[in-house]
Amino acid sequence: MLPKSSPPCARGLLLALLCSLFVANAVAQPSPVRSADYIVAIVDRELVTNAEVQQRLAALRREAAQGGQALPPDDELRRRMLDTLIDERAQLSAARESGVRIDEAELDRTVGNVAAQNRITLAQLRERLQRDGIEFSRFRSNLRDQLLLERVREREVQSRIKISDSEVETLLASRASGVAPPQFNVAQLLIGVPEGAGEDELAQRRALAEQALQRARGGEDFARLVSELSTGSKEQGGALGLRTLDRLPDLFADAVRDLRSGAIVPQVLQSGAGFHVLKVVERRDGGMMVPQTRARHILLRTSAQLTQSAAVARLAEFKQQVDSGKASFAQLARENSEDGSAAQGGELGWASPGQFVPEFEDAMKALGINQVSDPVVSRFGVHLIQVLERRSVPVDRKQQREIARNVLREQKFESAYQEWARDVRARAYVEMREPPQ
């Protein structure tokens with residue numbers, strides 16, 4: 001999934017004040033119903049009014065008209081919308097009964113984020129709320145409800161997702177993308193041979209190297225032998241540092257490729273430089289190679305005031321500005337993104353497979369370096385994505401399994417959410433009301 005961020009808050013005069021489709025209409029306590037309105041359903045202690053249903057329907061029809069989408073007949077559409085509102089109320093009621101609490105400090109930070117993301121002060125935020133007839137206490141209550149619902153929903157849904165070891169192994173087998181080569185830290189003790197040395201001197205130097213080899217194989221400290229006898233580098237006990245075989249001299253690579261950490265090459269090696277005694281200080285076998293992507297994004301969260309089609313249209317404008325060179329992606333992210341990465345220009349850091357929701361990851365994988373995506377819809381809202389870099393890195397078995405679990409968890413999230421939503425609805429008290437005559 002996407003990295004956790006600060007609570008989402010929409011932009012603009014009303015968008016900044018009403019932070020989500022649900023919270024825009026949710027209240028901490030049932031509010032008086034206007035005389036021209038009437039109650040259509042009671043869900044536990046929450047009310048659903050006809051005015052809310054009509055507002056949602058109007059927004060849905062506008063969005064469908066903008067996107068050229070066909071809608072079902074009015075009766076069917078109203079029934080579906082009423083079901084959606086009942087589900088939302090039931091989920092909020094369950095969240096309130098869960099025992100989870102949002103403390104005042106967190107709520108204060110969230111209110112501050114609303115003001116900061118809209119580039120206004122807290123005093124100016126209060127003024128706007130008052131101008132639009134929204135009590136500040138009601139605004140805070142709506143934000144608290146949103147934070148509570150998101151936290152409980154994530155906790156409850158994740159707890160329903162079960163992943164077996166066999167599923168992990170199957171996914172690893174299907175997604176293997178190569179194995180990183182092993183690395184060797186080889187230490188050498190060199191008995192150098194002067195240029196033009198005769199047979200006697202060569203024999204004498206070889207004998208010194210053979211003696212050093214026998215002492216090393218007998219258990220003497222190799223670094224001490226290097227310090228005492230080597231005519232080559234004595235730093236780090238003669239160790240060359242971790243290198244793959246292709247970065248070692250062929251003579252060394254052939255000698256150590258089948259050896260484990262701590263092994264001494266069983267024979268003295270001869271080169272133009274002299275005679276070599278080698279020890280494998282460390283062998284580090286490579287793990288599976290995993291592709292990683294460094295990307296950034298701009299996130300707009302949809303709401304009753306910012307429909308999905310409107311968010312898509314707005315991000316399409318941003319894409320055009322970036323592609324034409326009229327705007328910087330990073331600056332647009334800082335000014336508009338409703339994600340915790342906004343302050344970093346939307347940067348998400350290096351990400352392995354399974355770290356983001358599938359829709360986001362699929363779109364990201366299709367992009368070239370510095371390319372900007374079309375708007376991408378996910379359960380978090382609508383994204384604009386830009387890929388900055390790619391690389392492949394080796395990961396050990398434990399990391400491989402964790403990556404696989406993340407992938408499987410995202411694959412199962414939607415079905416687990418639907419199951420949780422059905423259970424919450426089934427436990428809720430729902431009373432339908434007829435319209436007044």
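Residues numbered from 1 in each chain as written. Predicted model: local features only at pLDDT ≥ 70, side-chain atom pairs only at ≥ 80, totals over all residues. Heavy atoms only, no water.

*Asks:* Which residues make up the sheet that holds strand β4 (residues 239-244), and what values go with them?
*Replies:* Read from one edge of the open sheet, four strands run β4-β3-β6-β5, paired in antiparallel fashion. With partners counted over all chains shown, the strands left at the sheet margins are β4 and β5 (269-271), one partner each. On average, adjacent strands in this sheet sit at an angle of 40 degrees to one another, irrespective of strand direction. Where strand β3 (residues 183-192) lies against strand β6 (residues 274-284), ten bridges are found, and the strand directions are antiparallel. Following the sheet pairing, Q183 is matched in β6 by R284. Its contacts with the sheet put helix α7 (residues 199-217) on β3, β5 and β6, and the angle it makes with β6 is roughly 25 degrees. Relative to the sheet, helix α8 (residues 222-229) contacts β3 and β6, its axis offset from that of β3 by approximately 30 degrees. (Pairing = 2+ DSSP bridges. Helix = DSSP H or I, 4+ residues; strand = E, 2+ residues; numbered from the N terminus. Axes fitted to C-alpha atoms, helices over the stretch in contact; angles between N-to-C directions. Contact = heavy atoms within 4.5 Å.)

*Asks:* Explain the packing of aromatic side chains to me, and be specific about the residues and the numbers.
*Replies:* Per the counting criterion, the structure on display carries three aromatic pairs. Geometrically, the ring pair formed by F136 and F139 is tilted, given 6.3 Å between the ring centres and 40 degrees between the ring planes. Remark: F139 and F136 occur in helix α5 (residues 136-160); sequence separation between them is three residues, near one turn of the helix. F139 gets classed as buried once you look at its relative accessible area, which sits at 1%. Centroid distance Y417 to W420: 6.0 Å. Interplanar angle 45 degrees. Geometry classified as tilted. (Phe/Tyr/Trp six-rings, centres within 6.5 Å; stacked < 30°, edge-to-face > 60°. Buried < 20%, exposed > 50% of the residue type's maximum accessible area, 1.4 Å probe, protein only.)

*Asks:* Break down the environment of R160 for me, citing the residues and quoting the values.
*Replies:* Along the chain, the position of R160 falls in helix α5. For R160, a relative accessible area of 25% translates into the label partly exposed. Contact partners of R160, with chain neighbours within four places excluded, come to A416, E419, W420 and D423.

*Asks:* Please provide a residue-by-residue account of unusual backbone geometry, values included.
*Replies:* With a phi angle near 55 degrees, D44 is a residue other than glycine that sits in the positive phi range. Despite not being glycine, Q236 shows a phi value in the positive range, around 55 degrees. Residue placement: Q236 occurs in the loop between α8 and β4. Residue classification places Q236 among the exposed positions, given a relative accessible area of 69%.

*Asks:* Talk me through the sheet that holds strand β1 (residues 39-43); I want residue IDs and the actual numbers.
*Replies:* Reading across from one edge, β2-β1-β11 is the order of the three strands in this open sheet, with antiparallel pairing throughout. Of all the strands in the sheet, the pair left with one neighbour each is β2 (46-49) and β11 (430-432). Taken over all neighbouring pairs, the strand axes of this sheet differ in orientation by 20 degrees on average, direction set aside. Judged from the four bridges that link them, β1 and β2 form a sheet pairing that is antiparallel. Note that in β2 the partner of I42 across the bridge is L47. Here helix α1 (residues 50-67) sits on the sheet in contact with β1 and β2, set at roughly 55 degrees to β2.

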